[in-house]
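Overview (structure and organization)
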Amino acid sequence: MTPSVARIARAWRAAVLVARATGVAAGLVVLCAVGVVLRAATLPLPDALRPRPGGESVRFVDRDGRLLREVRADDSTRAREVSLAEVPEDLVHAVLAAEDRRFYEHPGVDPVAVVRAAWSDAMHARVVSGASTLTMQLARLVKPHRRNLLGKLDEAALALRIEASLSKREVLAQYLNRAPFGAGVRGVDAASRFWFAKSPAELSLAEAATLAAIPRGPAVYAIDRHPGRVVARRDRILDRMVASGWTTAEAAARAKQEPLVARAGKGTFGAPHLVEALSEGAPELWPAALGAAPRDARAERVETTIASDLQRAVELAAREQVAGLTDRHVGAAAVVVLDNDTGDVLAYVGSQGFDDRRDGQNDGVRARRQPGSTLKPFVYGLAMERLGWTPATVVPDLPLRVEVEDGVYAPMNYDERFHGPVRVREALGSSLNVPAVWTAEQLGVGEVLGRLRMLGFRLDREDAWYGPGIALGDGEVSLLELADAYAAIARGGTWRQARAVRAVVRGGERVVPPDGAVRRVMPEAVADTLADVLGDRTARAAAFGADSSLDFSFDVAAKTGTSKGSRDNWTVGFTREVTVATWVGNFDGSAMRGTSGITGAAPLFHAAMVEAMRGRSARPLRLAGRPDREGLVEVEVCPLSGGRPGPACRHRVREWMMAAARDALPACAMHERVRVDRRNGLLAGPSCPAAEVEDRDVERYGVEARAWASAAGRPVAPDRYSPLCPGAAVRQVPSLRIGWPSSGAAFVLDPDRPRAQQQVAVRVEAPGDVDRVELLVDGRRVARVGAPYVARWTIEPGEHVLVARGPGGAESAPVAVRVE
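Residues numbered from 1 in each chain as written. Predicted model: local features only at pLDDT ≥ 70, side-chain atom pairs only at ≥ 80, totals over all residues. Heavy atoms only, no water.

Moving on, we get to the overall build of the protein. Across its full length, the protein carries 23 helices and 33 strands. Each of the 820 residues in the protein was classed as buried or not, and the buried ones make up 51%. Summarising the internal contacts of the protein: among those between residues at least 6 apart in sequence, 67% fall at separations of at least 24. A total accessible area of about 37300 Å² is found for the protein, and carbon and sulfur atoms account for 53% of it. (Helix = DSSP H or I, 4+ residues; strand = E, 2+ residues; numbered from the N terminus. Buried < 20%, exposed > 50% of the residue type's maximum accessible area, 1.4 Å probe, protein only. Contact = heavy atoms within 4.5 Å. Areas by Shrake-Rupley, 256 points an atom, 1.4 Å probe, with all protein chains shown as cover.)

Tracing the chain through its elements places Thr-582 in strand β20 (residues 578–585). Its relative accessible area of 0% is what places Thr-582 among the buried residues. Looking at Thr-582, its side chain comes within polar contact range of the main-chain oxygen of Ala-601, at 3.2 Å. If near-sequence neighbours (up to four positions away) are discounted, Thr-582 is found in contact with Ala-334, Val-335, Leu-479, Asn-569, Trp-570, Thr-571, Ala-601, Leu-604 and Phe-605. (Polar contact = N/O pair within 3.5 Å; in protein donor to acceptor, adjacent residues only side chain to side chain.)

This model, assessed by the stated rule, comprises 10 aromatic pairs. Arranged with centres 5.9 Å apart and planes meeting at 20 degrees, the rings of Trp-389 and Trp-438 form a pair that is stacked. Linking Trp-389 in the loop between α13 (376–386) and β9 (394–397) with Trp-438 in helix α15 (residues 433–443), this pair joins segments that are 49 residues apart in sequence. Residue class for Trp-438 comes out buried when judged on its relative accessible area of 8%. Residues Trp-465 and Tyr-466 carry aromatic rings whose centres are separated by 5.0 Å and whose planes lie at 85 degrees to one another, so their mutual orientation is edge-to-face. Of note, Arg-519 hangs over the ring of Trp-495, and the distance from its end group to the ring centre comes to 4.0 Å. (Phe/Tyr/Trp six-rings, centres within 6.5 Å; stacked < 30°, edge-to-face > 60°. Lys NZ or Arg CZ within 6 Å of the ring centre and 35° of its normal.)

This part covers the side chain of Glu-774. Looking at the secondary structure, you find Glu-774 in strand β29 (residues 773–777). Given a relative accessible area of 16%, Glu-774 falls into the buried group. Among the polar contacts listed, one links the side chain of Glu-774 to the side chain of Arg-781, at a separation of 2.9 Å.

With that out of the way, let us pick up the sheet that holds β20. Backbone hydrogen bonds hold the strands of a sheet together, and the pairing may be parallel or antiparallel. A sheet is described by the order of its strands in space; here five strands give the open sequence β7-β6-β20-β19-β18, paired in antiparallel fashion. Pairing within the sheet leaves two strands with one partner each, and these edge strands are β7 (345–349) and β18 (557–562). Ignoring which end each strand starts from, the neighbouring axes of this sheet average 10 degrees apart. Pairing between strand β6 (residues 332–339) and β7: four bridges, direction antiparallel. Bridge assignment links Val-336 to a residue of β7, and that residue is Tyr-348. (Pairing = 2+ DSSP bridges. Axes fitted to C-alpha atoms, helices over the stretch in contact; angles between N-to-C directions.)

The next point concerns the state of the cysteines. Summed over all chains, the structure comprises one disulfide. The disulfide partner of Cys-688 is Cys-725, and the gap between their sulfur atoms is 1.4 Å. Of this pair, Cys-688 sits in the loop between β24 (682–683) and β25 (693–699) while Cys-725 sits in the loop between α23 (703–711) and β26 (737–740), placing them 37 residues apart in sequence. Cys-725 carries the same exposure label as Cys-688, and that label is buried. Free cysteine: Cys-638, not disulfide-bonded; nearest cysteine sulfur from Cys-649 at 3.7 Å. (Disulfide = S-S within 2.5 Å.)

Another aspect to go through is the sheet that holds strand β32 (residues 798–805). Sheet architecture is open: five strands sit in the order β27-β33-β32-β29-β30, paired in mixed fashion. Both outer strands of the open sheet, β27 (746–747) and β30 (780–785), are each paired with one neighbouring strand and no more. As paired strands, β27 and strand β33 (residues 815–819) are joined by two bridges and run parallel to one another. Bridge pairing in β33 places Phe-747 opposite Val-819.

Detailed reading of predicted coordinates is not advised where the pLDDT is low. Taken residue by residue, the protein gives an average pLDDT of 84. The fraction at 70 or more is 85%. The low-confidence segment residues 21–29 (pLDDT under 50) makes zero contacts with residues lying over four places distant or belonging to another chain. Per-residue pLDDT stays below 50 along residues 121–129; that stretch engages in seven contacts with residues further than four places along the chain or on separate chains. (pLDDT = per-residue confidence, 0-100.)

Among the nine residues that make up helix α8 (residues 205–213), nine are buried, leaving the element largely enclosed by the rest of the structure. Along its buried surface, α8 packs onto α2 (89–99), α7 (188–196), α9 (227–243) and α10 (249–257).

Our focus in this paragraph is the pattern of salt bridges. Counted according to the given criterion, the structure contains 62 salt bridges. For the salt bridge of Arg-425 with Glu-655, the shortest nitrogen-to-oxygen distance reads 2.5 Å. Taken as a pair, Arg-425 in helix α14 (residues 424–429) and Glu-655 in strand β22 (residues 653–658) lie far apart in primary sequence, 230 residues in all. The residues Arg-425 and Glu-655 share a single accessibility class, namely buried. Among the charged side chains, a salt-bridge network with shared partners connects Glu-280, Glu-284, Asp-363, Arg-366, Arg-368, Arg-458 and Glu-481. (Salt bridge = Lys/Arg side-chain N within 4 Å of Asp/Glu carboxyl O.)

Of all nine residues in helix α4 (residues 134–142), seven are buried; the element is thus mostly enclosed. Regarding α4, the residues found buried are Leu-134, Thr-135, Met-136, Gln-137, Leu-138, Ala-139 and Val-142.

Moving on to the pairing of strand β2 (residues 67–71). Within β2, four of the five residues are buried, which leaves it mostly tucked inside the rest of the structure. Of the pairings in the sheet, the one linking strand β1 (residues 58–61) to β2 comprises four bridges and is antiparallel in character. Paired with Val-58 across the strands is Val-71, a residue of β2. Linkage of β1 to β2, two consecutive antiparallel strands, is achieved through a turn of five residues, within which Gly-65 is found at a positive phi near 90 degrees.

Attention now moves to the packing of α9 against α10. Contact geometry for α9 and α10: axes closest at 9 Å, N-to-C directions at 170 degrees. Between α9 and α10, the angle is such that the two are roughly antiparallel. For the pair formed by α9 and α10, the contact residues are Arg-234, Asp-235, Leu-238, Asp-239 and Val-242 on the first element and Ala-249, Ala-252, Ala-255 and Lys-256 on the second. When grouped by side-chain class, the residues that make up the contact of α9 with α10 number five nonpolar, no polar and four charged. (Parallel < 35°, antiparallel > 145°, perpendicular 65-115°, else oblique. Nonpolar A, V, L, I, M, F, W, Y, C, P; charged D, E, K, R; others polar.)

Core analysis: the biggest nonpolar cluster contains 115 residues, and Val-336, Phe-378, Phe-457 and Trp-793 have the highest contact counts within it. A per-element tally of this core places helix α18 (residues 479–490) first, with 10 residues. Val-336 has contacts with Val-345, Ala-347, Tyr-348, Val-365, Leu-479, Leu-480, Ala-483, Thr-579, Val-580 and Ala-581, leaving out every residue within four places of it along the chain. Of all hydrophobic cores here, the second largest spans 51 residues; its members include Val-82, Val-87, Val-171 and Ala-208. (Core = buried A, V, L, I, M, F, W, Y, C linked by side-chain atoms within 4.5 Å.)

What follows covers the environment of Gly-625. Along the chain, Gly-625 turns up in the loop between α21 (597–612) and β21 (632–637). With relative accessibility at 41%, the residue Gly-625 sits in the partly exposed group. Remark: the alpha-carbon pair of Gly-625 and Asp-555, spanning 70 residues in sequence, is separated by 9.8 Å.

Two elements in contact, α2 and helix α6 (residues 168–178), have axes separated by 12 Å at closest approach and are oriented at 85 degrees. Classified by the interaxial angle, the pair formed by α2 and α6 is roughly perpendicular. Residues Val-92, Val-95, Leu-96 and Glu-99 of α2 touch α6, and the partners they reach there are Leu-172, Tyr-175 and Leu-176. Grouping the amino acids of the contact of α2 with α6 by side-chain chemistry returns six nonpolar, no polar and one charged.

Below you can see the structure in the form of structure tokens.
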């Protein structure tokens, strides 16, 4: 055989082998194709392609639309799903040019691309080109697989299944919403906002091509780390768009000249505790009308009421306050600021540092703690409403023992002293404990709790569990509840549920929730009176000093509180415009050292209030500066008795009260001018020599206060005649009278409450040496009480006559009342 013939024979044999191999390969390809198709027919459509809660991130913005925080989707990515109509054509075409120019021509797997990739890989003896379609990439995103032949075949089968179930537009929308764009960003909407700080509709052609470059390799084409690679790939994509007829050569040329200017979002962390609470759908803050929590309800954007500048200033103040008190074992602080007119939450600081490794993620605004003295204003306000009290009403700050469920309760003041008879203004202004507990006793614990619950406090235990100590904070409330309640005083007695959400955007639709609950909780005159007392610097000076953190250059009403064991410090207060509530303490409940409401929470309150009022014009809060003080009149009273001043009252003060209370104001019965025997200080009878007699101004106290007055060095009126010159007759004492209610008073039965719990506290005024008085209603004795002579009467419908009876049968003038 000649050499040429041998060569031809070898070539023939080689050709036969190639043909056979090609046939086998073709057979394998056909077999694989058939297997892929059969596999596709049995695969279910992945659940991931169906809408689901938590599949998108939620953007929380402040009241001006500035981003507070983007709460990521369940897969920890920044993501927001958009419809294909929201994606501009340039971006759609750029993605197709980059990933799958034949997208509209194949059924999910592109045979042309498969053959081309196989030929290219064979020619180079290595993988140099892939054949993945956009649909196959989507399949890989929703169902990741191993990078081997079986995984690739499964991916192809799933792509066919997807295309059989969804339209091309639906497939494209799914891909655009799921494609990875680096930095934990998923989908074109989130990518556009993260990398270019604009919506997809606002992207230029160059920016659209730039985004389209990233999904091929998010790490390789990271805009902030490899801008040169990104620009090169962007320009190739632009060329492909021209070749496909999706843009003009001129437009592509201009886009290539556009510099790459990315504004990679660093993320924000504004109002983190509020955002967390809203994300959870916290019932105190998330409007019930909006239904499920944001992600469960597929919300895209939550517009909050937060004022970011104020939020940052208050966060800084909280950090500085805690840092300054670390030596006193203070580890945490919380602040909430409300707009009084709307109830909007303007600032919300759950702790001084959300990223604090210890317990910074605890939320001190919603945490429930004992509020100390901050509940006292509501106790006195109820007494003004139900018992006819005024700021001039005198209450006893004397040793008190109250029988409670587990024994005897004996409250003490913060300074561990008793101050005798004090006016309500002094008792509240100086935050005296004993008068507050005594007042709660006169009202009844059930009545006090009813008022507190009406004010929004969630006090859900039995009345006996709290007892009269509820006046001193023997219950647990939240800082937000306190802010809501104090804002009700600022509004003139109207409680309004705090509002943290202005609107929610779902599916492109902006939903505005209806206003929350609004209700009147106290008469306007009572609220205005409380505001006047809480804003009185003189009234609180005895306890807090003449210059404290509660003093401002504008009218501010404020109250402090310290819980048992110095575990919590509170300061809450308001102007006509805003309400501020602050707390400092420790989330683990451990005690602070050497702090009180005035030294712990008050400085933070001061800083937050100044910031909250920045740029606002403060309206008058004190009654003297308010022309709208409806029904309230200023009256001159004796500072010791709270009654109309008599000749012996050397000092007088001005007080505010309703006109009816002014008309019923008794004369001062505590100041007297008497003739005494200078030799022993006892009353001088007619036979005393003139040289031994002198006139003295004295004070007459009841039995319960005489011991205190003597110990305090008060000029107590003598109660007997001098034996050196006795009087000719027994000294006359003032007669009995019913101080409250007054004649003509009307009461209304509440049909929703048990009849036995509906009582009126009848206050009797009696001479100090009277040990017991009886209350008669329609001639029948209903109570027998000692000092301070407050009898509780269970009311019944009809017209009734009340009479007080003392020892020896002496009776007061009758008082006629009506119960409806």
